[in-house]
Amino acid sequence: MFDKYLIDGASVRNVGPADAPTGFAFEAKLGYYRGLVLSMIEELAVTLDGTELPREAVLFDEGLGPISLDAMETAYDRRWAFGTPATIIVNHPGGLPAGEHKLALRQKLRVSYLPFPAFNTDEKTVKAA
Amino acid sequence: MFDKYLIDGASVRNVGPADAPTGFAFEAKLGYYRGLVLSMIEELAVTLDGTELPREAVLFDEGLGPISLDAMETAYDRRWAFGTPATIIVNHPGGLPAGEHKLALRQKLRVSYLPFPAFNTDEKTVKAA
Amino acid sequence: MSKIHRGVSLYSFQEELFLGRMTVEDCIAFGASIGAKGIEILPEQNMPEFPHLSDADVARWQDMLARHGAHFTCYDMFLDTKLRKDSLMSDDEQVESIVRDIKLASRLGIRNMRVLVFVRPDILARCVPFAEQYDVHLGVEVHAPWHLEHAWILRTIDEADRLNTRHLGILPDMGIFMKHYPPAFRARFERQGARPEVTQFIVDSHEDKIMAEYTIYEVAVKMGGNKAEVAMAESLRHAPYANPKRIGDYAPYFRHIQAKFYEMDEDCTDPSIAYDEVIPELVKCGWEGTLSSEYEGNRWIQDVHEVDSREQVRRQHVMFERLISQAEAKFGAKETV
Amino acid sequence: MSKIHRGVSLYSFQEELFLGRMTVEDCIAFGASIGAKGIEILPEQNMPEFPHLSDADVARWQDMLARHGAHFTCYDMFLDTKLRKDSLMSDDEQVESIVRDIKLASRLGIRNMRVLVFVRPDILARCVPFAEQYDVHLGVEVHAPWHLEHAWILRTIDEADRLNTRHLGILPDMGIFMKHYPPAFRARFERQGARPEVTQFIVDSHEDKIMAEYTIYEVAVKMGGNKAEVAMAESLRHAPYANPKRIGDYAPYFRHIQAKFYEMDEDCTDPSIAYDEVIPELVKCGWEGTLSSEYEGNRWIQDVHEVDSREQVRRQHVMFERLISQAEAKFGAKETV
Ligand SMILES: [Mn+2]
Ligand SMILES: [Mn+2]
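Keep in mind that what you see is a predicted model, and the values were worked out from it rather than measured.

Trainee: Just checking my understanding: could you explain the domain arrangement of chain C for this structure?
Mentor: As a measure of interface size, the accessible area lost when the parts come together is often cited. Residues and elements named next belong to chain C. Examined at the domain level, chain C breaks down into domain 1 (4-180 + 240-331) and domain 2 (183-237). Here domain 1 and domain 2 have C-alpha centroids that lie 29 Å from each other. Listed per partner, the contact involves 13 residues of domain 1 and 10 residues of domain 2. Buried area between domain 1 and domain 2, summed over both chains or domains, comes out near 1,200 Å², and the portion from carbon and sulfur atoms is 61%. It is His180, Glu263 and Trp300 in domain 1 that bury the most area against domain 2; as a group they hold 44% of the surface buried on that side.

Right, dumping it as structure tokens:
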């Protein structure tokens, strides 16, 4: 319902030392009409120029500090609020090289009233600021 | 609803000269709870020992004389009555060799109130009488 | 004298008729012997001469019924819109086919016609003048997964209201009131390889009236169901429990009921269809017409049992008598005016 | 003073709220400006502090409503039975979660709760004592493809009757009365590659109320439909037209309505949902409660248009005023006793 709005394309930046970035980060919203406890976010799959990056490389931070996807599985006391950007940090040595890249995000949500998982996807052409 | 009753196993016999049969024949019923005009019988597929015999080799006779499956497509004035055996004649030079064989029949019916075709199948172990 | 009459459709004896173990006269004689004197026929099943019945054929049927003190109640029509491979019947041809059936029903002295649920309401509207002329009620079969309130069915009701006719309406098939999943279905799927824990899950989901698609997803995807298990789950799409309380609202639109059933227990109860709720509703609203047995259990047991359609129908009629008299004791048997 | 009150769910402004183009106060102010003073909230959408609201938070909401002369009507609950990856919430945990919501609703001064349709009737029965104590009506959302008479919904009705409580019932979502296929849906599928002749076939099939599975088969198999065409055909599974005549039968079981809509035309008519049949039924039976706008059209147009939820809601309320006054002129506006 909000797929095209998930990634904030202007927010993409490298992280780590400027001359040796350890990865990149961007702001994203949850593609759902309400907030969710983090334990129900099963996947935040980041794909860069067609290659899906390892699950272990992705960290999430809604403001309470970076957390791995595995740790999110039991983060019952943290919540990704509706319409609120959170930071997605991706460990990717060297960061994003200069120039345009295709950045995609797939969210897989465990929504209790649906028998099957809900998927949201967005892809944007981005540049590291 | 009547699949296991389609082929009359005891009725199988060779046809043509006894020393050079041109094929074989058997009695079968229509697997449906009512009779049908022949035009709605799209397929009477005969399989012998796992090999489906050519459509052109199959003739049908409900009592008004043998008719090919292609001719049945426009036989609007002939009917295969409910629960009534008809003869299925298969051109198969040499007929059925002595001994047991697996004989299968698949009926494909065009039933107007169903969006998809109805299939009936039966397989019996038979011997030419 | 109850306003609810008992009858039987020859559909009920399809196993024995197909196998040549009963004749139509055997069926009629049996029906009459248990008080099910109203006979519903499928001319395309029971009349090899169909559609060309001579007056002698008609007389033969009338004599046969008279011999057993029975009478016709309903004519089950079919409509072969796909008679030709590549072109659907035109509207005119459809009307013509139905009018042929109306006339034949009339010759046979039959005043109710079961119309297949797929027949278009606008086609039926064109047949109404003939239905009125020959005094044959056209009843669209309300068959699961449709129900009395389904928008497709309401189109026929609307058409009947618009035409202000008593000769167009519905003909409910009691399969729409499947309160419990039929044990015979479950047993057959288990013989085909469904695991008891999975069939129990499906039966429980039906009992809880969970949306069928959810159960299918659970069985097919989450449980990794095998072929028989998925087929059983998919059978839920056709196993709805409609609300029996609606019967009174639509009673003016039907005069005949197909009393579908899949199995009767030895104590003459139906483990699946909610006749214990349906019959009180019929009595309460003062409906007059025939409960016509439609046994459809043969296909679920023929792989392991001899089918005994007579015994099944007999048990259903014992149940009918019990439930009708209980309901009449409770609500009063309204006399026909 | 009409017994049918007008309101709006903040769900209606999800596009603007998500994008930060409106605040909740903007939504409330807008609702009040068009006479939709009853505000339905989704705490898990609209209250970032959820579920830990301080008294100051509650006071802030009350002040905000008071500033605009508005009031709360309904609390949309959720139940995260799948909070944990590998084990479903226990029954006790489910009750606990719902009771938490009941208490929070009570603190906010809200007397209606929208219960998700998948919540089990036996769980709700355990919540009834709390609903009574805090005076919050638990209404199971009757959302398409369920309908008022669906056996799953009737289990809740039965439970309410059994417990003889006025605090358990239903909460109908008007999406169940989809009489015509929404033009916005069709247009989106066409933008995704569905051919106009195929979308016309699907629209016609919906208009005729053909069983969805038949149309899906025609489109997917016989027409060789492409991805967008099959997806459009499959959307028919969730596009039923329930019978508005049933509204009166169930009116005692609901006090709030989610007035779902997908688009309003410029002349303030809804091309899809049968409000012109629904509202007369509500007036006729003397129902009292709130028609709460639930605009869900954003997702169907956001790929090509700016979404203007305010204008859509405004048009719906013009329609409500027109239809309510027409119906009251016809049936008389019954006074509240
Ligand atoms: Mn039937
Ligand atoms: Mn809703």
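Past the structure itself, the notes keep going.
Trainee: Would you mind showing me how to read the packing of aromatic side chains here?
Mentor: Each aromatic ring pair is summarised here by two numbers: the centre-to-centre distance and the angle between the ring planes. Using the criterion set out here, one finds 46 aromatic pairs over all chains in the structure. An angle of 65° between the planes, with centres 6.3 Å apart, marks the rings of Phe2 of chain A and Phe82 of chain A as edge-to-face. Here Phe2 of chain A, found in the segment before strand S1 (13-15), pairs with Phe82 of chain A, found in the loop between strand S8 (79-80) and strand S9 (86-91); they are 80 residues apart in sequence, far enough to count as distant. Positioned over the ring face of Phe78 of chain D is Arg114 of chain D, at 5.0 Å from the centre of the ring.

Trainee: Which parts of the structure should I look at to understand the coordination of the manganese ion (ligand 2)?
Mentor: Note on metal sites: the ideal angle is 109.5 degrees for four tetrahedral donors, and 90 or 180 degrees for six octahedral donors. All names here are of chain D. Taken together, the protein ligands of the manganese ion (ligand 2) are Glu141 (OE), Asp173 (OD), Gln258 (OE1) and Glu294 (OE), with distances of 2.1 to 2.3 Å. Between consecutive donors of the manganese ion (ligand 2), the numbers of intervening residues give the motif E-x31-D-x84-Q-x35-E. Taken together, the residues Gln258 in strand S7 (residues 256-261) and Glu294 in strand S8 (residues 289-295) connect sequence positions 36 residues apart. Like Glu294, Gln258 is buried.

Trainee: Any chance you could explain the coordination of the manganese ion (ligand 1) here in plain terms?
Mentor: Residue and element names in this part refer to chain C. Looking at the manganese ion (ligand 1), one finds its protein donor set to be Glu141 (OE), Asp173 (OD), Gln258 (OE1) and Glu294 (OE), positioned 2.1 to 2.3 Å from the metal centre. Along the chain, the residues that donate to the manganese ion (ligand 1) are spaced as E-x31-D-x84-Q-x35-E. Of the two residues, Glu141 is situated in strand S5 (residues 137-142) and Glu294 in strand S8 (residues 289-295); the sequence distance between them amounts to 153 residues. The exposure class assigned to Glu141 is buried, which follows from its relative accessible area of 5%. According to the relative accessible area criterion, Glu294 is buried, its value standing at 4%.

Trainee: When you look at the UniProt feature "domain: C-glycoside deglycosidase beta subunit" (unreviewed entry) in chain A in this model, what are you seeing that I'm missing?
Mentor: This chain's UniProt record puts "domain: C-glycoside deglycosidase beta subunit" (unreviewed entry) on residues 2-113 of chain A. Structurally, residues 2-113 of chain A is divided into 4% helix and 39% strand, and its ends, taken at the C-alpha atoms, are 19 Å apart.

Trainee: Would you mind going over the interface of chain A and chain D with me for this structure?
Mentor: Facing the 24 residues of chain A at the interface are 24 residues of chain D. Interface area for chain A against chain D, summed over the two sides, is near 2,400 Å², with a carbon-plus-sulfur share of 59%. Per-residue buried area on chain A facing chain D is highest for Tyr33, Phe82 and Ser112 of chain A; these three make up 24% of the total on that side. Taken together, the links from chain A to chain D amount to four salt bridges. At the junction of chain A and chain D, the tally comes to 16 residue pairs in polar contact (both at pLDDT 80 or more). Residues of the side of chain A that touches chain D, tallied by class, amount to 14 nonpolar, four polar and six charged.

Trainee: Would you explain unusual backbone geometry in this entry?
Mentor: Negative phi is the rule for most residues except glycine; trans is the rule for most peptide bonds. All names here are of chain C. Residues Phe50 and Pro51 are joined by a peptide bond in cis, for which omega reads 0°. Mapped onto the fold, Pro51 is located in the loop between helix H3 (43-46) and helix H4 (55-67). With omega at 5°, the peptide bond leading from Ala144 into Pro145 counts as cis. Of note, Pro145 is situated in the loop between S5 and helix H7 (151-163). For Asp135, which is not a glycine, the phi torsion comes out positive at approximately 55°. Tracing the backbone through its elements, the reader meets Asp135 in the loop between helix H6 (121-134) and S5.

Trainee: How should the UniProt feature "domain: Xylose isomerase-like TIM barrel" (unreviewed entry) in chain C be read in this particular structure?
Mentor: Within this structure's numbering, the places UniProt gives as "domain: Xylose isomerase-like TIM barrel" (unreviewed entry) are residues 30-205 of chain C. Along residues 30-205 of chain C, the helical share is 48% and the strand share 14%, with 38 Å between the first and last C-alpha atoms.

Trainee: It is not clear to me how the confidence of the model for chain C should be interpreted in this structure. Could you clarify?
Mentor: Segments scoring low in pLDDT should not have their predicted coordinates read at a detailed level. Summarising the model, chain C shows a mean pLDDT of 97, and 99% of its residues fall at 70 or more. This complex was scored by the predictor with a pTM of 0.95 and an ipTM of 0.93.

Trainee: Looking at this structure, I do not really get the pairing of S8 of chain D. What am I missing?
Mentor: Across a regular strand the side chains alternate sides, sitting on one face of the sheet and then on the other. All names here are of chain D. In terms of residue burial, S8 counts as a mostly covered element, since seven of its seven residues are buried. The sheet contact formed by strand S1 (residues 4-9) and S8 spans five bridges and is parallel. Among the inter-strand pairings, Ile4 is bridged to a residue of S8, identified as Gly289. In this structure, S7 lies alongside S8, joined through six bridges in parallel fashion. Bridge pairing links Ala259 to Ser293 in S8.

Trainee: I would appreciate a short explanation of the sheet that holds strand S5 (residues 51-52) of chain B in the present structure.
Mentor: Two pairing modes exist for strands in a sheet, parallel and antiparallel, and in both the strands are linked by backbone hydrogen bonds. Residues and elements named next belong to chain B. What the four strands build is an open sheet, ordered S5-S4-S10-S11; its pairing is antiparallel. Pairing within the sheet leaves two strands with one partner each, and these edge strands are S5 and strand S11 (118-126). Pairing of strand S4 (residues 41-48) with S5 involves two bridges; the strand directions are antiparallel. Directly across from Thr47, in S5, lies its bridge partner Glu52.

Trainee: Even after reading the chapter, I still don't get the sheet that holds strand S6 (residues 58-61) of chain A, so can you show me in this structure?
Mentor: Residue and element names in this part refer to chain A. An order of S1-S2-S9-S6-S7 is seen for the five strands of this open sheet, with the pairing classed as antiparallel. With partners counted over all chains shown, the strands left at the sheet margins are S1 and strand S7 (67-68), one partner each. Sheet topology note: the S1/strand S2 (residues 23-28) ladder contains three bridges and is antiparallel. Note on S2: the bridge partner recorded for Arg13 is Ala25.

Trainee: When you look at the packing of helix H9 (residues 196-208) of chain C against helix H11 (residues 227-234) of chain C in this model, what are you seeing that I'm missing?
Mentor: Two quantities define a packed helix pair, namely the angle between the helix axes and the distance between the axes. Residues and elements named next belong to chain C. The contact between H9 and H11 brings their axes to 10 Å, and the two run at 10°. Accordingly, the angle class assigned to the pair H9 and H11 is roughly parallel. Mapping the contact onto sequence places Val198, Thr199, Ile202 and Val203 in H9 and Glu229, Met232 and Ala233 in H11.

Basis of the calculations
- Residues numbered from 1 in each chain as written.
- Chains lettered and ligands numbered in written order.
- Predicted model: local features only at pLDDT ≥ 70, side-chain atom pairs only at ≥ 80, totals over all residues.
- Heavy atoms only, no water.
- Domains from an automatic or database assignment.
- Contact = heavy atoms within 4.5 Å.
- Buried area = accessible area lost by both parts, 1.4 Å probe.
- Phe/Tyr/Trp six-rings, centres within 6.5 Å; stacked < 30°, edge-to-face > 60°.
- Helix = DSSP H or I, 4+ residues; strand = E, 2+ residues; numbered from the N terminus.
- Lys NZ or Arg CZ within 6 Å of the ring centre and 35° of its normal.
- Donors = N, O, S within 2.8 Å, 3.2 Å for Na, K, Ca; no water.
- Buried < 20%, exposed > 50% of the residue type's maximum accessible area, 1.4 Å probe, protein only.
- UniProt positions renumbered as here; feature names shortened; annotations may be inferred.
- Salt bridge = Lys/Arg side-chain N within 4 Å of Asp/Glu carboxyl O.
- Polar contact = N/O pair within 3.5 Å; in protein donor to acceptor, adjacent residues only side chain to side chain.
- Nonpolar A, V, L, I, M, F, W, Y, C, P; charged D, E, K, R; others polar.
- pLDDT = per-residue confidence, 0-100.
- Pairing = 2+ DSSP bridges.
- Axes fitted to C-alpha atoms, helices over the stretch in contact; angles between N-to-C directions.
- Parallel < 35°, antiparallel > 145°, perpendicular 65-115°, else oblique.

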